[in-house]
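# Secondary and tertiary structure notes
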Amino acid sequence: MDLKILSTLNAERASRRAAIVVTNPDTSAQRLVKGEDVGRDPIADVLRARLRSGKSGMEETPEGRVFLTVYVPPPRLVAIGAVHISQALAPMAKMLGYDVTVVDPRTAFATSERFPDVPVIAEWPDVALPPLGIDRYTAFVALTHDPKIDDPALLHAFAKECFYIGALGSRKTHGRRLERLKGQGASDDDLARIHAPIGLNIGAISPPEIAVSIMAEITGALRQERVAARQEKVA
Amino acid sequence: MLARDEDILKAAEDWRRDGKGVALATVVETWGSAPRPVGSNLVIDEEGNFLGSVSGGCVEGAVVTEAIDVIESGKSKMLEFGVADETAWKVGLSCGGTIRVLVEKVD
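Residues numbered from 1 in each chain as written. Chains lettered and ligands numbered in written order. Predicted model: local features only at pLDDT ≥ 70, side-chain atom pairs only at ≥ 80, totals over all residues. Heavy atoms only, no water.

### Quick look at the sheet that holds strand β1 (residues 19-23) of chain A
Residues and elements named next belong to chain A.
- Sheet architecture is open: 4 strands sit in the order β2-β1-β4-β3, paired in antiparallel fashion. Because the sheet does not close on itself, it has two edges, and the strands there are β2 (30-34) and β3 (57-61). For this sheet, the mean angle separating the axes of adjacent strands, direction not counted, is 30°.
- Two strands pair when backbone bridges link them, and β3 and strand β4 (residues 64-71) are joined in this way by 5 bridges, in the antiparallel orientation. Bridged to Glu59 within β4 is Val66.
- Contacts from helix α1 (residues 3-14) reach β1, β2 and β4, with the element oriented near 20° to β2. (Pairing = 2+ DSSP bridges. Helix = DSSP H or I, 4+ residues; strand = E, 2+ residues; numbered from the N terminus. Axes fitted to C-alpha atoms, helices over the stretch in contact; angles between N-to-C directions. Contact = heavy atoms within 4.5 Å.)

### Let's talk about the packing of helix α5 (residues 147-158) of chain A against helix α6 (residues 171-183) of chain A
Residues and elements named next belong to chain A.
- At a closest axis distance of 11 Å, the pairing of α5 and α6 adopts a crossing angle of 60°. By the criterion of interaxial angle, the relationship of α5 to α6 is oblique. With respect to the hand of their crossing, α5 and α6 are arranged in right-handed fashion. For the pair α5 and α6, contact is made by Pro147, Asp150, Asp151, Leu154, Leu155 and Phe158 and by Arg177, Arg180 and Leu181, respectively.
- Considered class by class, the residues forming the contact of α5 with α6 number 5 nonpolar, no polar and 4 charged. (Parallel < 35°, antiparallel > 145°, perpendicular 65-115°, else oblique. Left-handed = near helix turned anticlockwise from the far one by under 90°. Nonpolar A, V, L, I, M, F, W, Y, C, P; charged D, E, K, R; others polar.)

### Examining the environment of B:Met78
- Relative to the elements of secondary structure, B:Met78 occurs in strand β4 (residues 77-81).
- The spatial distance from the C-alpha of B:Met78 to the C-alpha of B:Thr26 is 9.7 Å, given a sequence separation of 52 residues.
- Not counting residues up to four positions away in its chain, the partners in contact with B:Met78 are A:Pro25, B:Val28, B:Arg100, B:Val101 and B:Leu102.

### Considering the nonpolar core
Residues and elements named next belong to chain A.
- Counting residues in each nonpolar core, the largest one holds 28 residues, and the members touching the most others are Leu77, Val141, Leu143, Ile214 and Ile218.
- Counting residues per element, the ones that place at least two in this core are β5 (76-80), α3 (84-95), β6 (99-103), β8 (138-142) and α8 (207-222).
- In terms of residues, this core owes the most to one element, α8, which gives 6 residues.
- Not counting residues up to four positions away in its chain, the partners in contact with Leu143 are Ile80, Val83, Ile85, Ser86, Leu89, Asp150, Leu168, Ile198 and Ile214. (Core = buried A, V, L, I, M, F, W, Y, C linked by side-chain atoms within 4.5 Å. Buried < 20%, exposed > 50% of the residue type's maximum accessible area, 1.4 Å probe, protein only.)

### Some details on the pattern of salt bridges
Residue and element names in this part refer to chain A.
- Taken as a whole and judged by the stated rule, the model has 21 salt bridges over all chains.
- Two residues, Glu12 and Arg17, come together in a salt bridge whose shortest N-O distance is 2.9 Å.
- Where Asp37 meets Arg40, a salt bridge forms, and the shortest distance between an N and an O atom there is 2.5 Å. (Salt bridge = Lys/Arg side-chain N within 4 Å of Asp/Glu carboxyl O.)

### Here we look at the layout of surface pockets
- Each pocket or cavity is described by its volume, and for the second largest pocket that value is around 260 Å³.
- Partitioning the lining of the second largest pocket into residue classes produces 7 nonpolar, 7 polar and 1 charged. (1 Å grid on protein atoms, 1.4 Å probe; cavity = no way out; pocket = protein on both sides within 12 Å on 5 of 7 lines; lining within 4 Å. Points joined across faces, edges and corners; volume = space filled by probe spheres on them.)

### Here we look at the UniProt feature "domain: XdhC Rossmann" (unreviewed entry) in chain A
- According to UniProt, the positions carrying the feature "domain: XdhC Rossmann" (unreviewed entry) are residues 77-218 of chain A.
- Taken as a whole, residues 77-218 of chain A contains 41% helix and 15% strand, while its terminal C-alpha atoms sit 9 Å from one another. (UniProt positions renumbered as here; feature names shortened; annotations may be inferred.)

### Overview of empty space enclosed by the protein
- Counted according to the given criterion, the structure contains 1 cavity of 30 Å³ or more.
- Size it by volume and the largest cavity reaches roughly 50 Å³.
- In terms of lining residues, the largest cavity is bounded by A:Met1, A:Val21, A:Thr23, A:Gln30, A:Phe67, A:Thr69, A:Tyr71, B:Leu24, B:Thr26, B:Asn41, B:Leu102 and B:Glu104.
- Mapped by element, the contributors of at least two residues to the lining of the largest cavity are β1 and β4 of chain A together with β1 (22-31) and β5 (98-106) of chain B.
- The element that contributes the greatest number of residues to the lining of the largest cavity is β4(A), accounting for 3 residues.
- Its residues assigned to classes, the lining of the largest cavity shows 6 nonpolar, 5 polar and 1 charged.

### Some remarks on the packing of aromatic side chains
- This structure, assessed with the given rule, holds 0 aromatic pairs over all chains.
- The ring of A:Phe109 has A:Arg106 lying over it, and the distance from NZ or CZ to the ring centre is 4.1 Å. (Phe/Tyr/Trp six-rings, centres within 6.5 Å; stacked < 30°, edge-to-face > 60°. Lys NZ or Arg CZ within 6 Å of the ring centre and 35° of its normal.)

### Topic: the interface of chain A and chain B
- Contacts between the two partners involve 25 residues from chain A, matched on the other side by 25 residues from chain B.
- Of the roughly 1,900 Å² buried where chain A meets chain B, counting both sides, 59% is carbon and sulfur surface.
- Together, A:Met1, A:Leu3 and A:Asn10 form the three largest contributors to the area buried by chain A at its contact with chain B, with a combined 29%.
- The interface formed by chain A and chain B includes 0 salt bridges.
- Taken together, chain A and chain B are joined by 9 residue pairs in polar contact (both at pLDDT 80 or more).
- Contributions of two or more residues to the side of chain A that touches chain B are made by α1, β3, β4 and α3 of chain A.
- Looking at the side of chain A that touches chain B element by element, the count peaks at 6 residues for α1(A).
- The class makeup of the residues in the side of chain A that touches chain B is 11 nonpolar, 9 polar and 5 charged. (Buried area = accessible area lost by both parts, 1.4 Å probe. Polar contact = N/O pair within 3.5 Å; in protein donor to acceptor, adjacent residues only side chain to side chain.)

Listed below in structure tokens is the structure:
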């Protein structure tokens, strides 16, 4: 690989932008196609499909057999609420390869002492969230239990195609949340996307156990194709 | 801490800029049960230091040896690994799959 291709690729990755390396396995000829330039490439259709699936692989194309290494941004976790569960969730998500950001306007909670290894933003969601560029590679969790903080954050997440949206709270609390969000213009489709009560039902009690159940549910959402394929096999 | 894909590619760039000979190995095809998906990267320097993985640790040793050849010759190689052959002392994948790995020099 040409060092120039490699350093451009690294710059794109650092900015959370997708890119594909196209390699001819016979001649070793290689080029880098940035996500934003895919439409202008001679094999645009093939590249577009690959970007959607996020999967690398061999492909027969008009320019011959090529190997496509697909680099999509690493998944990200945005947690609303610098609460006890987030303190367990943040390091766990980091270990699973997520870029983690914690948002909480309450400065007593949002301290770097409580979250030594992840960025913590002590701002209201309407200020903190827009600059984050939340996207379809983002998992979004609302954990404050406070409608003043969680509700506007969830409305922002609906608009950004997050691959997972979860919110803490009992069925009853969630019922009231659905009423409130509907009143603020959320559609039925938006509301149906919220995983609540959050996390897989594993009988979790402690904050770290709840964090495990949340990360397990997020992993399932990230790998839903694999989950579906396995279920088909069993059926 | 496990190396993430970005860390592996960043290491490849940094090692090269430090003047080391560097090769990048990429899983390009898998059949059957394979431990690491297509697209997985392993970066190797001329001294055999490496980061990342192309299997569950079964064939990394062999890939590193081949990579040092690739760094010297500058010519890419396509390697294929199948089921481990116990009698022949050949490295392979005990999980029963087959993988093909492209090893290329970073230049």
